[in-house]
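Listed below are the residues making up each chain.
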Amino acid sequence: MPVLRVVPLTRIRAHEEVDPLRVDRLVGRIKEDGIQVNPMMCSEAPSGELVLLDGATRTESLRRLEFEHAVVQVIDPEELILETWHHVIRKCTEEEILDDIRGVGELTVSEGSTNPKLHMSSGPVYSV
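Here is a short report on the structure shown in this document. In every chain, residue numbers begin from 1 and rise along the written sequence. Selection of residues for local features in this predicted model requires a pLDDT of at least 70, selection of side-chain atom pairs for listing and counting requires 80 or more, and totals for whole chains, interfaces and linings are taken over all residues. Neither water nor hydrogens contribute to the side-chain values; these are computed over all heavy atoms in the structure.

### Some words on the pattern of salt bridges
In what follows, salt bridge is the name for a side-chain nitrogen of Lys or Arg lying within 4 Å of a carboxyl oxygen of Asp or Glu. One pass over the structure, following the stated rule, counts six salt bridges. Here E60 makes a salt bridge to R64, at a shortest N to O gap of 3.8 Å. Highlighted residues: E60 and R64, both in helix α2 (residues 56–64), separated by four residues, approximately one helical turn. Residue E60 is classed as partly exposed on the basis of its relative accessible area of 24%. Exposed residues in this analysis have more than 50% of their type's maximum accessible area, buried residues have under 20%, and partly exposed residues fall in between, with area computed by a 1.4 Å probe over protein chains only. Accessibility expressed as a relative area gives 38% for R64, which makes it partly exposed. One network of salt bridges, in which partners are shared, links R5, R11 and E44. Numbered from the N terminus, helices here are DSSP runs of H or I no shorter than four residues, and strands are runs of E no shorter than two.

### Quick word on unusual backbone geometry
Positioned with a positive phi, E66 is a non-glycine residue whose angle comes to about 65 degrees. Structurally, the position occupied by E66 is in the loop between α2 and β5 (69–75). Of the residues examined, E66 reaches a relative accessible area of 69% and is grouped as exposed.

### Regarding the sheet that holds strand β7 (residues 117–120)
Think of it this way: DSSP has to see at least two bridges between two strands before they count as a pair. Ordered by their spatial adjacency, three strands build an open sheet running β6-β7-β8, and the pairing between neighbours is antiparallel. Each having just a single partner strand, β6 (107–109) and β8 (125–127) make up the two edges of the open sheet. Averaged over neighbouring strand pairs, the angle between their axes works out to 25 degrees when direction is ignored. In this structure, β7 lies alongside β8, joined through three bridges in antiparallel fashion. If you follow L118 over to β8, its bridge partner there is Y126. To obtain each axis, a line is fitted to C-alpha atoms, and for helices this fit is confined to the stretch in contact; angles are then taken between N-to-C directions over 0 to 180 degrees.

### What about a nonpolar patch on the surface?
Patch rule: a residue counts if its relative accessible area is over 30% and it has no salt bridge; like charges are joined within 9 Å, and nonpolar side chains (Val, Leu, Ile, Met, Phe, Trp, Tyr) within 5 Å. A 1.4 Å probe and the Shrake-Rupley method give the accessible areas. Residues count as covered only by the protein chains that appear here. There is a patch of nonpolar side chains on the surface, built from L4, V6 and V71 and spanning about 280 Å² of accessible area. Here V6 shows up in strand β1 (residues 3–8).

### Looking at the pairing of strand β3 (residues 40–44)
The sheet contact formed by β3 and β5 spans four bridges and is parallel. Looking at β5, one finds that M41 is bridged to Q73. Examined bridge by bridge, β3 and strand β4 (residues 50–54) share four bridges and lie antiparallel to one another. Bridging across to β4, S43 finds its partner in V51. Here β3 hands over to β4 after five residues, with G48 in that stretch at a positive phi of 95 degrees.

As structure tokens, this is what we get:
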């Protein structure tokens, strides 16, 4: 049975950047539905901080909505197997993806680089 806890969001430490567009969409869904269903997954560090393993978008969405607490599933560090992952976009070409990005007024793409970056008009830059 998973271990669930209600914890202050200030105890949760993220280790990755979030996609602001995904956060905006989730904030809208939480406002509309009045619920956030899936708990974030964390591992407790010796300091007592909770290291976020899964749920960066959910955590940031709750922070933007000014929640003080969240339900998290606490994972025993001894039972962890860490792997990398990434979001997959299917059934479209690279050019279609770039055209879609170019169609968003607040985004530009650094082209000609082996490591493209998205530039937001508000300032932040994100690796793709």
